[in-house]
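Read off the chains here:
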Amino acid sequence: MNSRTAIKVLLALVLGLPLLQAVFGWVGGLLTAMGDGGTAGVLGHVSTAVGIVWLASVVGLLIAIAVYSLDDGREG
């Protein structure tokens, strides 16, 4: 995988995972209101895992952009 593809994938994750986390939060609140606290708790843990993956994606994106800019600077 070249660096441009990695940057595109990481950017998609950085932009998409917060939306997924918001949906999980909304569905968890809905399930809690319906009386299904167990499933809402599971969705809370999944939402936490999505937040951790998002944070790792942000760090990876910063590193990938830094590597890409250093490699691109030497060619030009």
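The structure under discussion appears in the preceding block.
The paragraphs below set out a description of the structure included in this document. If you're wondering where the values come from, they're calculated on a predicted model, not measured in any experiment.

**Description of the side chain of Ser-57**
Here is step 1: Here Ser-57 lies in helix H2 (residues 37-75).
Here is step 2: In contact with Ser-57, other than residues within four places in its own chain, are Leu-10, Leu-13, Val-14 and Leu-17.

**Observations concerning the nonpolar core**
Here is step 1: Core analysis: the largest hydrophobic core is formed by five residues, namely Ile-7, Leu-10, Val-14, Leu-61 and Ala-64.
Here is step 2: Secondary-structure elements contributing two or more residues to this core are helix H1 (3-33) and H2.
Here is step 3: With three residues, H1 is the single largest residue contributor to this core.

**Structural notes on a nonpolar patch on the surface**
Here is step 1: A surface patch of nonpolar side chains, about 390 Å² in accessible area, is lined by Trp-26, Leu-30 and Met-34.
Here is step 2: In this structure, Leu-30 sits in helix H1.
Here is step 3: Look at Leu-30 and you get partly exposed, because its relative accessible area is 39%.

**Some thoughts on the side chain of Ser-47**
Here is step 1: Relative to the assigned elements, Ser-47 resides in helix H2.
Here is step 2: A residue is classified by how much of its surface remains accessible, and Ser-47, at 12% relative accessible area, is buried.
Here is step 3: In this structure Ser-47 touches Gln-21 and Phe-24, once residues within four positions along its chain are discounted.

**Quick look at the environment of Trp-26**
Here is step 1: With respect to the element layout, Trp-26 can be found in helix H1.
Here is step 2: Along the primary structure Trp-26 and Leu-43 are separated by 17 residues, whereas in three dimensions their C-alpha atoms are 9.8 Å apart.

Conventions we followed
Residues numbered from 1 in each chain as written. Predicted model: local features only at pLDDT ≥ 70, side-chain atom pairs only at ≥ 80, totals over all residues. Heavy atoms only, no water. Helix = DSSP H or I, 4+ residues; strand = E, 2+ residues; numbered from the N terminus. Contact = heavy atoms within 4.5 Å. Core = buried A, V, L, I, M, F, W, Y, C linked by side-chain atoms within 4.5 Å. Buried < 20%, exposed > 50% of the residue type's maximum accessible area, 1.4 Å probe, protein only. Patch = residues over 30% accessible without salt bridge, like charges linked within 9 Å, V, L, I, M, F, W, Y side chains within 5 Å. Areas by Shrake-Rupley, 256 points an atom, 1.4 Å probe, with all protein chains shown as cover. Salt bridge = Lys/Arg side-chain N within 4 Å of Asp/Glu carboxyl O.

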